[in-house]
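Working through the structure, step by step
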Amino acid sequence: MPSLLPHDLCHERNASPAPGNPVPVIPNNVSDKILLLPHTHTHKSLIVSSSKQLLAVYPENSLLCRSSCLVGSASCVFSPGPIWEELRATDKQQFRPGAGRIGQREDELKVPRFVGPLGTIIIKCKDFRIIQLDIPGMEECLNIASSIEALSTLDSITLMYPFFYRPMFEVIEDGWHSFLPEQEFELYSSAISEWRLSYVNKEFSVCPSYPPAVIVPKAIDDDALRKVATFRHGGRFPVLSYYHKKNGMVIMRSGQPLTGTNGRRCKEDEKLINATLRAGKRGYIIDTRPLNIAQQARAKGGGFEQEAHYPQWRRIHKSIDRYHILQESLIKLVESCNDQTQNMDRWLSKLEASNWLTHIKEILTTACLAAQCLDREGASILIHGTEGTDSTLQVTSLAQIILEPRSRTIRGFEALIEREWLQAGHPFQQRCAQSAYCNSKQKWESPVFLLFLDCVWQILRQFPCSFEFNENFLIMLFEHAYASQFGTFLGNNESERCKLKLQQKTMSLWSWVNRPSELSKFTNPLFEANNLVIWPSVAPQSLQLWEGIFLRWNRSSKYLDEAYEEMVNIIEYNKELQAKVNLLRRQLAELETEDGVQESP
Amino acid sequence: MEHIRTTKVEQVKLLDRFSTSNKSLTGTLYLTATHLLFIDAHQKETWILHHHIASVEKLALTTSGCPLVIQCKNFRTVHFIVPRERDCHDIYNSLLQLSKQAKYEDLYAFSYNPKQNDAERLRGWELIDLAEEYKRMGVPNSNWQLSDANREYKICETYPRELYVPRIASKPIIVGSSKFRSKGRFPVLSYYHQSKEAAICRCSQPLSGFSARCLEDEHLLQAISKANPANRYMYVMDTRPRLNAMANRAAGKGYENEDNYSNIRFQFVGIENIHVMRSSLQKLLEVNGTKGLSVNDFYSGLESSGWLRHIKAVMDAAIFLAKAIAAESASVLVHCSDGWDRTSQVCSLGSLLLDPYYRTIRGFMVLIEKDWISFGHKFSERCGHLDGDPKEVSPVFTQFLECVWHLTEQFPQAFEFNEAFLLQIHEHIHSCQFGNFIGNCQKEREELKLKEKTYSLWPFLLDDQKKYLNPLYSSQSQKSAVLEPNTVSFNFKFWRNMYHQFDRTLHPRQSVFNIIMNMNEQNKQLEKDIKDLESQIKQRKTKQTDGILSKELLNSVRPESPALKATLSLKEQALLPVNNVLRTIEGSSPAANRYSEYADEFSKAEPAVVSLEYGVARMTC
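Residues numbered from 1 in each chain as written. Chains lettered and ligands numbered in written order. Predicted model: local features only at pLDDT ≥ 70, side-chain atom pairs only at ≥ 80, totals over all residues. Heavy atoms only, no water.

Labelled according to an unreviewed UniProt entry, chain B appears under the name Phosphatidylinositol-3,5-bisphosphate 3-phosphatase MTMR6 isoform X2, originating from Bos indicus. We quote the UniProt Sequence similarities (unreviewed entry) comment for chain B here in full: "Belongs to the protein-tyrosine phosphatase family. Non-receptor class myotubularin subfamily." (UniProt positions renumbered as here; feature names shortened; annotations may be inferred.)

Taking an unreviewed UniProt entry as the reference, chain A is identified by name as Myotubularin-related protein 9 isoform X1 belonging to Bos indicus. Taken directly from UniProt, the Sequence similarities (unreviewed entry) text for chain A runs: "Belongs to the protein-tyrosine phosphatase family. Non-receptor class myotubularin subfamily."

So, in structure tokens, the structure goes:
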């Protein structure tokens with residue numbers, strides 16, 4: 001039996017549901033016959049074989065998608081009689097009308113004989129895994145289905161797992177205090193004489209999606225910031241995102257300017273961003289939207305910086321897609337990856353039609369452009385899209401991966417996520433609610449963060465020795481962004497997280513990750529600090545489908561895992577040998593000096 | 001030499017293939033008897049063997065000069081701009097002549113001299129001994145024997161002299177059968193699976209037309225079937241698509257009628273012919289040579305080229321073959337039309353799946369010698385060594401190498417060799433530097449006296465073995481294992497390192513593989529060092545009268561505490577100069593980065609419109 005994750009097991013012990021939580025009904029006699037069929041894979045698989053361990057599903061209930069797409073009646077199918085057959089791919093559909101999208105390996109598809117009706121529950125998880133439970137007994141099956149459904153569609157955040165999770169590990173460092181803005185600012189302070197930490201947003205009154213502390217030009221006072229906030233979408237006035245120590249140039253980010261149709265302007269806004277320019281220098285504004293979209297935005301009160309008012313800035317429009325376009329892309333991609341029967345042409349055309357890699361290329365290109373402006377052109381930049389909470393953050397954070405060696409370390413990457421995603425107000429709660437299997441249109445759902453992780457993975461693949469973390473670290477972050485026992489990714493911004501009192505009531509992901517025992521799993525054995533700027537290739541031939549995420553449950557990675565282990569062994573052995581050689585050399589040297597001492601008198 | 005009019009042109013520009021802003025290097029172009037050489041201002045040399053040139057094209061004159069585009073068979077594409085049209089024309093004409101020789105004797109191999117004496121050269125040719133290989137497989141034995149029927153190439157010119165056939169198949173049966181098969185290529189043994197007692201046999205299509213039959217041929221198939229005591233029936237795999245095979249019947253050829261042959265199971269596997277494969281590769285190269293290619297164009301081009309579909313078809317056929325033998329112990333007869341293209345692909349890949357020996361460096365050489373060279377895969381025609389019919393050129397062997405590469409991707413520890421080995425072999429099927437791949441069959445090679453006049457590739461590869469070793473190879477874990485690759489579509493990927501071998505900007509900047517390979521090498525050296533040091537210490541110790549060093553210090557090295565180990569390696573890394581050399585960060589030097597890929601326009605003075613190489617950004621207002 002695959003081992004359950006420690007936090008799964010421990011939750012089993014604390015499984016008493018919260019008040020008001022639906023109490024799951026699990027008939028004792030049934031549970032032993034519950035089978036988990038396909039997708040028994042790696043350490044995270046759950047085998048549900050006894051009533052006790054069915055409880056182990058609860059910790060993961062937050063991993064499940066919502067509503068009927070998951071365990072709705074459509075997926076709960078009953079077969080009238082005994083079934084015993086080696087199913088072939090073609091029979092699959094007949095047998096389980098609701099299970100059309102599951103990809104199985106045929107050799108594993110053996111269904112033992114049961115007497116009586118058999119119910120099938122298909123659970124589609126947010127990490128793209130599909131689990132199928134065959135449960136004898138119609139009533140039991142329905143009960144389990146409704147329990148799972150109820151538990152996976154909790155209305156209130158405070159009923160979610162992080163609020164009940166009790167860590168079984170010793171907290172060495174409280175992750176809630178690992179990356180305070182003040183500390184991050186300290187890192188820069190030696191180089192920054194022109195910047196200051198402002199608490200203008202202390203009560204979240206100036207900008208609800210900003211943290212209480214932001215870094216702004218020293219020359220601009222808080223009153224001016226308040227005025228600028230009224231001119232920027234969502235009150236997101238330009239703040240410092242990254243300071244390039246090499247030449248003192250900066251990346252700033254903000255929401256779109258609210259110029260509207262009559263070309264409103266804001267002197268303070270102009271003053272603010274001009275304050276970042278050196279005398280005689282020009283800067284770049286990267287608008288992540290194409291020009292026509294930016295123009296359309298004016299009708300809704302938004303807009304872009306007019307040349308006339310920002311003569312020292314050159315504006316470049318890129319086209320990074322947003323919201324439902326990205327979500328549709330993800331749905332198509334995952335659907336295609338789950339279909340093992342399609343022929344080559346269909347696979348390639350579906351991969352193309354999903355546009356996923358096009359989005360990757362577009363985001364990476366924009367990030368490279370931003371990095372290029374900074375490092376090569378020696379120009380400061382301001383990046384924004386519409387709200388400045390999605391594509392803007394993809395670009396600012398990836399540019400830092402390219403430019404800043406620290407952000408390629410584990411600690412630095414965590415700080416980057418804390419700063420550029422969590423503090424910067426990426427609405428995780430809205431964006432990462434349901435993942436790829438939801439069938440109801442979710443307006444705010446969008447894999448913005450997953451795309452960012454995928455881009456990091458692409459760079460990691462091209463510079464496999466320049467990152468302190470490995471692929472598993474990125475996969476882990478993806479999982480926790482969508483479903484977690486930790487409070488880190490709850491809420492849409494700092495303000496919400498404060499109201500939820502997450503620091504007091506939940507555990508931070510970083511508290512768990514940054515323990516040596518966990519870190520070892522996420523450490524790249526090939527890491528060799530690389531202090532240079534790393535320019536990835538964005539040619540389509542250089543970009544690849546992230547198999548570790550998208551094909552994870554659809555293929556065996558046994559041989560790849562073994563090869564990875566062998567690689568680690570070689571590296572370990574190398575270290576061991578070097579240590580031994582050094583020790584022996586020292587011994588020999590000692591012996592030689594002793595000999596010398598003995599011989600000389 | 002008579003083809004070379006101009007040997008040196010200065011101020012030639014070499015354009016970056018994928019740069020839309022015409023980034024270039026200026027240097028000098030030289031033309032030698034065997035190579036085209038370009039030396040740029042940084043003294044970096046680009047050598048192109050004339051035989052590698054697939055096409056030379058002169059484009060329309062531009063303001064900066066006359067563009068010359070050279071496409072190579074190893075998928076290198078170079079784009080020169082020659083300042084004077086006259087020079088360009090001279091080089092163009094020379095290259096046309098030099099890249100397409102009319103006679104075998106003008107190929108590089110006949111002039112290539114690696115400074116070996118005759119004995120060494122002969123030993124090189126004897127390195128791979130097919131008789132030895134059949135012995136390894138376990139033939140001859142009670143069911144299979146060596147036939148002398150083709151000793152003088154009388155029955156089949158394109159087969160080797162030595163052929164293994166079922167013991168009960170008499171000479172008249174063989175002769176009769178050969179008359180009923182295209183080009184006389186009657187069924188013979190390709191691989192014998194000792195423990196299953198099953199065989200892979202190969203032949204060409206039967207001349208069955210709509211109704212013809214041949215008793216001898218039927219007998220021969222029965223004999224093959226009977227030579228396998230483990231299974232009564234045998235498979236006959238026609239590797240062509242059913243339609244093609246049916247069409248062949250009208251020309252008096254065709255496929256076996258199941259009613260006429262007892263106990264055969266007939267199967268089509270649908271690999272397309274050489275013409276389809278040629279144009280498929282052509283399309284693939286067109287797509288991935290596009291400047292500023294979008295992701296969607298890349299994938300739709302990949303799809304419409306059909307290339308990966310063909311690779312999958314070859315792989316699926318090989319898997320079918322391996323399964324028949326491994327799971328059913330059934331012998332399999334494989335053929336296509338002539339039995340030298342698709343048949344070679346399927347037989348060799350099938351054997352590779354079944355037998356771990358072929359996954360070693362030497363075993364892979366044997367496999368190529370056996371299923372490709374000796375059985376008459378027409379290398380010279382398929383690779384276009386001479387100025388011949390362009391319709392005979394086809395990337396059949398390239399596809400085989402690509403299938404092997406896909407297997408190495410799925411089974412990273414199953415192969416003794418690495419990707420560089422495959423690429424090197426691919427390089428040499430076209431280079432004509434060695435004699436192995438020259439000619440179309442053994443008879444022709446003997447007539448060309450290749451063993452006397454040229455050298456064999458294999459000893460040179462073996463000498464360089466270090467470069468081709470897979471550091472992760474584990475001979476133990478999969479020793480007896482039959483490989484069962486998964487051919488779900490998503491497992492097939494574009495082989496960037498083959499088709500963009502020379503486009504360095506597209507590759508990862510740091511190679512895990514190289515690092516591990518070096519580390520493996522270093523480990524061997526360290527092991528040696530440890531032995532040396534230990535013996536030195538021992539010597540000193542015995543010399544010493546009072547052993548001050550405690551014994552435990554000597555023995556404690558292996559199971560040392562991790563803390564001590566860490567401090568040691570940290571402190572004393574400086575002692576080991578190798579360490580630094582080993583882990584230099586490739587591609588992280590400022591000179592090697594590809595900054596200019598994203599936007600070249602920045603360096604120009606304030607254009608009104610900012611256009612970015614990879615971006616769609618345009619600043620219009």
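Having seen it, we continue.
1. Concerning the overall build of chain A
Assigned secondary structure in chain A consists of 24 helices and 13 strands. Considering only contacts in chain A between residues 6 or more positions apart, those separated by 24 or more positions represent 75%. Only carbon and sulfur atoms are counted for the fraction: they give 53% of the accessible area of chain A, which is about 22200 Å². (Helix = DSSP H or I, 4+ residues; strand = E, 2+ residues; numbered from the N terminus. Contact = heavy atoms within 4.5 Å. Areas by Shrake-Rupley, 256 points an atom, 1.4 Å probe, with all protein chains shown as cover.)

2. Remarks on a negative patch on the surface
Residue and element names in this part refer to chain B. On the surface, a cluster of negative charge is made up of E126, D129, E132 and E162. By secondary structure assignment, the location of E132 is in helix 3 (residues 130-137). Its relative accessible area of 43% is what places E132 among the partly exposed residues. (Patch = residues over 30% accessible without salt bridge, like charges linked within 9 Å, V, L, I, M, F, W, Y side chains within 5 Å. Salt bridge = Lys/Arg side-chain N within 4 Å of Asp/Glu carboxyl O. Lys, Arg positive; Asp, Glu negative; His and termini not counted. Charge placed at Lys NZ, Arg CZ, Asp CG, Glu CD. Buried < 20%, exposed > 50% of the residue type's maximum accessible area, 1.4 Å probe, protein only.)

3. Observations concerning the packing of helix 13 (residues 356-375) of chain A against helix 14 (residues 391-403) of chain A
For any two helices packed against each other, the geometry comes down to the angle between their axes and how far apart the axes lie. All names here are of chain A. At their nearest, the axes of helix 13 and helix 14 sit 8 Å apart, and the two run at 60° to each other. As judged from the angle between their axes, helix 13 and helix 14 are oblique. Judged by the sense of rotation from one axis to the other, the crossing of helix 13 with helix 14 is right-handed. Judged by residue contacts, I363, T366, A367, C368, A370, A371, L374 and D375 of helix 13 engage Q394, V395, L398, A399, I402 and L403 from helix 14. The class makeup of the residues in the contact of helix 13 with helix 14 is 11 nonpolar, two polar and one charged. (Axes fitted to C-alpha atoms, helices over the stretch in contact; angles between N-to-C directions. Parallel < 35°, antiparallel > 145°, perpendicular 65-115°, else oblique. Left-handed = near helix turned anticlockwise from the far one by under 90°. Nonpolar A, V, L, I, M, F, W, Y, C, P; charged D, E, K, R; others polar.)

4. Focus: the sheet that holds strand 11 (residues 198-203) of chain B
Residues and elements named next belong to chain B. Overall, mixed pairing links the five strands, which are arranged 10-11-14-12-13 in an open sheet. Of all the strands in the sheet, the pair left with one neighbour each is strand 10 (188-193) and strand 13 (264-268). For this sheet, the mean inter-axis angle between neighbouring strands, taken without regard to orientation, is 20°. Strand direction decides the pairing type here: strand 10 and strand 11, joined by five bridges, are antiparallel. Looking across to strand 11, one finds that L189 is bridged to C201. (Pairing = 2+ DSSP bridges.)

5. Side note on the packing of aromatic side chains
Aromatic ring pairs: the centre-centre distance and the angle between the two ring planes describe each pair. Following the criterion strictly, the structure yields 60 aromatic pairs over all chains and no others. Measuring from centroid to centroid gives 5.9 Å for F449 of chain A and F452 of chain A, while their planes differ by 35°, and the two rings are tilted. On the criterion of helical spacing, the pair formed by F449 of chain A and F452 of chain A is a turn pair, its members being three residues apart in helix 17 (residues 448-462). Across the pair, exposure class does not vary: F449 of chain A and F452 of chain A are buried alike. Note on F38 of chain B and F80 of chain B: the rings are 5.3 Å apart at their centroids and 45° apart in plane angle, and the pair reads as tilted. Of this pair, F38 of chain B sits in strand 3 (residues 35-40) while F80 of chain B is found in strand 7 (residues 77-82), placing the two residues 42 residues apart along the sequence. (Phe/Tyr/Trp six-rings, centres within 6.5 Å; stacked < 30°, edge-to-face > 60°.)

6. Here we look at the pairing of strand 12 (residues 313-317) of chain A
Residue and element names in this part refer to chain A. The element strand 12 is largely enclosed, with a buried count of five among its five residues. Of the two faces of strand 12, the one carrying W313, R315 and H317 and the one carrying R314 and I316 are both buried. Strand direction decides the pairing type here: strand 11 (residues 283-287) and strand 12, joined by five bridges, are parallel. Paired with I286 across the two strands is I316, which belongs to strand 12. Note that the unit made of strand 11, helix 10 (residues 291-299) and strand 12 has a crossover that is right-handed. (Right-handed = clockwise from strand over helix to strand, strands pointing away.)

7. Digging into unusual backbone geometry
Both trends apply: most residues other than glycine have a negative phi, and most peptide bonds are in trans. Residues and elements named next belong to chain B. With an omega dihedral of -5°, the bond running from V139 to P140 counts as a cis peptide bond. Relative to the assigned elements, P140 resides in the loop between helix 3 and strand 8 (144-147). One non-glycine residue with positive phi stands out, namely K183, at about 55°. Within the secondary structure, K183 is located in the loop between helix 4 (171-179) and strand 10.

8. A word on the pattern of salt bridges
A full pass over the atoms with the stated rule returns 57 salt bridges over all chains. Between R289 of chain A and D287 of chain A there is a salt bridge, with its nearest N and O atoms 2.9 Å apart. Each of the two residues, R289 of chain A as well as D287 of chain A, counts as buried. In this structure, K8 of chain B and E10 of chain B form a salt bridge, with 3.4 Å as the shortest nitrogen-oxygen distance. Taking the relative accessible area as the measure of exposure, K8 of chain B reaches 41% and is therefore partly exposed. Residue classification places E10 of chain B among the partly exposed residues on the basis of a relative accessible area of 48%. One salt-bridge network, held together by shared partners, links D341, K378, E381, R382 and E392 of chain B.

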